[in-house]
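Descriptive structure summary
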Amino acid sequence: MKLPPALARFREILGLALIFAAAVIFSPTGSGGENIFLQPDNLTDILRQQAEIGIIALAMTLVIISGGIDLSVGSLLAFVASLTALLLVKWQPALGPAAHITVALLAALASAFLLGFLNGAVIARLRLQPFIATLATMIGVRGLARWMCDNANIDFGFGGHVSARFADIFSDKLFVIGLWAAAAAFFYVLLEYTVFGRHVRAVGENERTAGYTGLPIRFTKVAVYSLCGLAAGVAGLIHAARSYQGNPNDGSAYELDAIAAVVIGGTALSGGKGSIPGTIIGALIMGVLTNILRLRLIDTNVEFMIKAVIIVAAVWLQSPRKAR
Amino acid sequence: MPPPSSITCRALTKRFDRTLALDAVDFSVNAGEVHALCGENGAGKSTLARILAGVVTPDSGTISVGGVPAEITTPARARELGIGIVFQELDLFNGLSVAENMALGHPDAERFFVRRRALAAWCRPFLARVGLPELDPASPLGSHGIATAQLVAIARALALNARFLLLDEPTSSLTEEAADRLLALVSELKNTGTGIVYVSHKMREIFRVADRVTVLRDGSLVSTKPARDTSIGETVSLMVGRAIDTSARMTTAPRDAIALRLDNLSTRRVRGVSLSVRRGEIVGVAGLVGSGRSALGKALFGMEPWTDGSATLAGEPYRPRSPADAILSGCAYLPEDRRGQGLFLQTSVRHNASAAILCRLRRGPFVRRWQETKLVRDELARTRAKVPSLAAPVSALSGGNQQKVLLAKWLLTRPALLYLDDPTRGVDIGAKADVYKIIAELSAAGTAILLASSEMPELLRLSHRILVLHEGRPAGLLDAATATQEQIMALATDTARQPAGNSATRQPAASSQS
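Moving on, we get to the nonpolar core. Among the nonpolar cores identified, the biggest contains 178 residues, and Ile56(A), Met60(A) and Ala231(A) are the most heavily contacted of them. With 15 residues, the single largest contributor to this core is helix H10 (residues 217-243) of chain A. Both domain 2 (245-330 + 416-514) and domain 3 (342-414) of chain B contribute no fewer than three residues apiece to this core. In this structure, Ala231(A) is in contact with Ile55(A), Ile56(A), Leu58(A), Ala59(A) and Ala183(A), ignoring residues within four places of it in sequence. In this structure, Leu81(B), Val130(B), Leu189(B) and Val197(B) belong to the second largest nonpolar core, which totals 69 residues.

Listed below in structure tokens is the structure:
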């Protein structure tokens, strides 16, 4: 039995609905008897909290559909957060605050893009396996970030300091959620309606056939890893603003959370198959789960255990009937 | 006779998705008998063999072994019942030694630790039985040829105490001499009481060893006859369902304009091919496996660097550096391995068919879906592909319809030169006829076609001329109207070497050496 695509999509939404319903039921109630989980502030908090992982997971979806994986995103996030902090706090150019922020932001994003490009180049040109190439980047960039900051956190300033202004913008709830939504729209259109999106799926499903079809395999690979680097960079900016510092040790295991969101969303690790809406749902499932467990003051370690079960259950439910 | 040692299947039925792979088939094999199983691709031979091996479970029907009803649910169960199977794609491990391969999964031979010496002693008698007494059990299997591996696979089945042996195309990758030895072994095993199911395409082999011959067609049992009461001719026509007419040639006269001119084209695997193909002309490419049939196509399609030579395509100098380059210049290559090289199996018909022309369908970064739908629909109609919807994955289609989608994909590039590499491989008779019609239509419309095929009747029927390759070199260029299979075979095997030397230029003036 195979479900038609429309119903298959429904299945992922169903998972989110179930978790959401459970969250409503188990939510603590406030002094006025109101459901704390359902408070608008709480719901938008979930979106804000998941935005970093969510944005990375969008690009990770493309990487995984193309048949690859990117383990370096957590390190890249830390690197960008640190670099941004460095440029805002330790660098005093003769520029106005707006120009200073713009330059710092563009420099940080450009370096994230370049590191992603490097991943892609090593994978497409040297033909290293994506796991190994991005593992190397993950280790190397972590080192680079720590070395750059002398192992110390770089704290943002207060008051009218340029770093504080930056943090004001990039930690604004609406701005962050809007950024995620814009990224989601961008990646959705890219994957579903463009020639490039077709190429990504084709390369991921069967690289040999893609070669025999004359598709630009190398360009496609380099492009998905570059985009993934860029997405990790954007997440890094949000991270720096939220934590009010550049911490070169942050972002570890983010790559795993992003991959988890992608696979919960129905994207196959073997490549070729997957969707952006699925990934968004995957990120939201993880977000709602974390939120309700924290509202109930449940131990974070228990949270990990429950997440493990959710990942296995979600992927199992999405596997074709025959494989079960 | 008390429970005769035999396997008897009654009314076996198996359905995969939409296709009925086996339809109420009765089949039996007795001890000391060779029962041949014939049929075209997709007739149900492999499904029946896989049911007996416990790899596939039938939807309905019964199997009894030695008179006792048996459910063969797993390969291990088949082994317990004394059924051994040697698959066409050998399930052996090249990195392990001969002895280790034989011991895998064997309850007597496999312990927690590998005991080399005991293992070697254990497997020697079985190797001797298949005619390999000298083979060193400790040597890695990969260091021996495919023929040895085939025999080791049989020895392995014997070691597992097989009273029944299923051989699936056992000689398909063997030389004639090795095939002879294998057939002798089959007769010998039969005489010592083993029941053998012999699946093969090769009629001569079948009639050399088989006692009974069963023909399947489209999943149904057509006939089971003692081999001495039937003939090769009868079996073939039963397999096909009608007498095949290979005589009717389907060619139209080519035009005068030259589409492709090759001058001494050479790559790593092709040497010195010179040829000119006119618009609307079909040049067959014949040769044994590894003769350069596919390599020539890949060279023309920009997949292999040219080491020497030059070409013009539609009047322009032609030297493709990549497939994308070749497509732009008007060359298309339909690869031999439809599933591995031609199609994206899990992807929709629409996306498969338009994959090679996306660059022509783009507006900015976007795909013009409306135009895509129209082009794909029209082309699928032209190739007579039956598809449930454009959104259906091509894996849901039959082999013939998959091939038609693949043809549509390449025809959409509007090629001036089309290289077809075994275009009817693994498609049923009906689809084959459609593919022939499409090729004839393309030729009539002026497309220059190079048609590589392993089926000589196909080449003789469709081509104007036939280029025969031998070890990457042109061994002859024949006029298809007068050429014979024997002539092609002699050139392909290099047994017809003429003292005159360069045979490529020796051929009739019918060829357009203009």
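A few words on the environment of Val302(A). Residue and element names in this part refer to chain A. In this structure, valine 302 sits in helix H13 (residues 300-318). Looking at valine 302, the number of C-beta atoms within 10 Å reads 11, which means it is exposed. Once the C-alpha coordinates of valine 302 and alanine 167 are considered, the two residues, 135 residues apart in sequence, prove to be 32 Å apart.

Let us look at helix H14 (residues 399-411) of chain B. Residues and elements named next belong to chain B. Relative to the 18 Å expected for 13 residues at 1.5 Å per residue, H14 spans 18 Å between its end C-alpha atoms, a close match to the ideal helical length. Across the 13 residues that make up H14, a large majority, twelve, are buried. For H14, the full list of buried residues reads Gly400, Asn401, Gln402, Gln403, Lys404, Val405, Leu406, Leu407, Ala408, Lys409, Trp410 and Leu411.

Residue and element names in this part refer to chain B. Read across the open sheet, the six strands follow the order E16-E19-E20-E13-E21-E22; overall the sheet is mixed. Strands at the two margins of the open sheet, each flanked by one partner only, are strand E16 (331-334) and strand E22 (473-479). Pairwise comparison of adjacent strand axes, ignoring direction, gives a mean angle of 20 degrees for this sheet. Pairing geometry for strand E13 (residues 282-286) and strand E21 (residues 465-470), over four bridges, is parallel. Counterpart to glycine 284 in the pairing with E21 is isoleucine 466. On the sheet, helix H9 (residues 293-300) packs against E13, E16, strand E19 (417-421), strand E20 (448-452) and E21 and is oriented at approximately 150 degrees with respect to E19.

The next thing to look at is the interface of chain A and chain B. If you look at the interface, chain A gives 17 residues, while chain B gives 20 residues. Breaking the side of chain A that touches chain B down by element, the ones donating at least two residues are helix H8 (195-205) and helix H9 (207-212) of chain A. Tallying contributions element by element places H8(A) first for the side of chain A that touches chain B, with six residues.

Residue and element names in this part refer to chain B. Examined bridge by bridge, strand E11 (residues 258-266) and strand E14 (residues 308-313) share five bridges and lie antiparallel to one another. Directly across from serine 266, in E14, lies its bridge partner aspartate 308. Where E14 and strand E15 (residues 316-317) come together, two bridges link them in antiparallel fashion. Across the sheet, the residue bridging to threonine 312 is proline 317, located in E15. Hairpin connection from E14 to E15: two residues lie between these consecutive antiparallel strands, with alanine 314 at a positive phi of about 50 degrees.

Pairing in this open sheet of four strands is antiparallel, and the strands run E12-E11-E14-E15 (chain B) from one edge to the other. Edge strands, defined here as strands with exactly one partner in the open sheet, are strand E12 (273-278) and E15 of chain B.

Thresholds, definitions, all that
- Residues numbered from 1 in each chain as written.
- Chains lettered and ligands numbered in written order.
- Predicted model: local features only at pLDDT ≥ 70, side-chain atom pairs only at ≥ 80, totals over all residues.
- Core = buried A, V, L, I, M, F, W, Y, C linked by C-beta atoms within 7 Å.
- Buried ≥ 20, exposed ≤ 12 C-beta atoms within 10 Å, placed from the backbone.
- Helix = DSSP H or I, 4+ residues; strand = E, 2+ residues; numbered from the N terminus.
- Domains from an automatic or database assignment.
- Contact = placed C-beta atoms within 7 Å.
- Expected span 1.5 Å × (residues − 1).
- Pairing = 2+ DSSP bridges.
- Axes fitted to C-alpha atoms, helices over the stretch in contact; angles between N-to-C directions.

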